[in-house]
Amino acid sequence: MAPAAARVSELRRAGNEQFRSGQYSQAAALYSQALGLLEAAGERNAEEASVLYSNRAACYLKDGNCSLCVKDCSVALDLVPFGIKPLLRRAAAYDALERYQLAYVDYKTVLQVDCTVQAAHDGVNRMTKALLEKDGLGWRQKLPPIPSVPISAQRRWDFPSAGSQAAAPRHKETGSLEKQVPTAAMIERAKTLKQEGNELVKKGNHKKAIEKYSESLKLSNQECATYTNRALCYLSLKQYKEAIQDCTEALELDAKNIKAFYRRAQAFKELKDYKSSMTDINSLLKIEPKNIAAQKLLQELNQNLK
């Protein structure tokens, strides 16, 4: 190892130690020294520089300097595109800066790279709620483009087989949850989780059922019934905005889904958005004119609108 490279590595390790000790400013200074040394030596190690920028960004994030965190993560991603850590750190900074659209895009990009990252799933859920509250049902139309991650950058983590060493990442043709094609095993497991959720609903345990449906959707998100079932649970728990979101997802998969229209109408009604509720009920009745429950809800809405 060249003297400059050895010193850079030493500074990075020292920075890591300071970070683990909670000394974020000192850690950032050490990463900055390492970056300065790389530049002075004319070293063209993009991966090393990307790690240093990403690590310094983590320090800025911990210290609440979110703008500098975004800047460093962006540089790290220019050097090595689609890195999970800088994407997650930039998303967290955007979230703190209330730039929810950009945070959503970064979290969704992470899921294209590795669809098992729980922090990204949680981030998508948080940003979806924030954007739904901020921009209403049309929030998706206001999003900037989500980058398409090349297959070479995509990966998923596999569990090690018995007797094997720790699982290592391997490349696989998988995209984001919006685009991924689940394997047969994933689909089967998703069905099992959905059925477990259904059993919990029968027992009145809606919170646990939501957990099962959510796990199922992480594996395969092309099942309308899982969304509408989870929406039913959200309705029972008076989480009306979440119910609306799930019904909207279901209608994107099946534009004539009766349960999605009805449950979204129920949620709108509870939020006193009677016009939106009536729009959904009228859409339902065009598909199924003799639906008694919809006719009854329409009568109630007409009373509220008088």
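Starting from 1, residues in each chain are numbered consecutively following that chain's sequence as written. Local features are withheld for residues below a pLDDT of 70 in this predicted model, meaning they are given only at 70 or higher, and side-chain atom pairs are given and counted only at 80 or more; totals for whole chains, interfaces and linings count all residues. Hydrogens and water molecules were not included; the side-chain quantities draw on all heavy atoms of the structure.

### Quick notes on the UniProt feature "repeat: TPR" (unreviewed entry) in the protein
Working step 1: UniProt positions are given in the numbering used here, feature names are shortened, and annotations may be inferred rather than shown by experiment. The sites that UniProt annotates as "repeat: TPR" (unreviewed entry) are residues 190–223, 224–257 and 258–291.
Working step 2: End-to-end, the C-alpha atoms of residues 190–223 are 9 Å apart, and along that stretch the chain is 79% helix and 0% strand. In this description a helix means any DSSP run of H or I spanning at least four residues, a strand means any run of E spanning at least two, and both kinds are numbered starting from the N terminus.

### A few points about the confidence of the model for the protein
When pLDDT drops low, the exact placement of atoms in the prediction is not to be read closely.
Working step 1: Confidence of the predictor at the level of single residues is given by pLDDT, which spans 0 to 100. In the predicted model, the protein carries a mean pLDDT of 85, and the fraction of residues at 70 or more is 89%.
Working step 2: Looking across the protein, the model is least confident in strand E2 (residues 169–171), with a mean pLDDT of 33, and most confident in helix H4 (residues 66–79), with 95.
Working step 3: Note on contacts: a residue pair is in contact if any heavy atoms of the two residues lie within 4.5 Å. When the criterion is pLDDT under 50, residues 156–180 qualifies, and its contacts beyond four places in sequence or with other chains add up to 54 contacts.

### Points about the pattern of salt bridges
Working step 1: Whenever a carboxyl oxygen of Asp or Glu lies within 4 Å of a side-chain nitrogen of Lys or Arg, that contact is scored as a salt bridge. Following the criterion strictly, the structure yields 19 salt bridges and no others.
Working step 2: Residue Lys129 is joined to Glu242 by a salt bridge in which the shortest nitrogen-to-oxygen separation is 3.8 Å. Of this pair, Lys129 sits in helix H7 (residues 118–135) while Glu242 sits in helix H11 (residues 240–253), and the two are 113 residues apart along the sequence.
Working step 3: Lys129 sits in the partly exposed class, given a relative accessible area of 43%.
Working step 4: A 1.4 Å probe rolled over the protein chains alone gives each residue an accessible area, and that area as a share of the maximum for its type sets the label: buried under 20%, exposed over 50%, partly exposed in between. Of the residues examined, Glu242 reaches a relative accessible area of 17% and is grouped as buried.
Working step 5: A salt bridge links Glu249 to Arg140; the nearest nitrogen and oxygen atoms lie 2.1 Å apart. One end of the pair, Glu249, is in helix H11; the other, Arg140, is in the loop between H7 and strand E1 (155–157), and 109 residues separate them in sequence.

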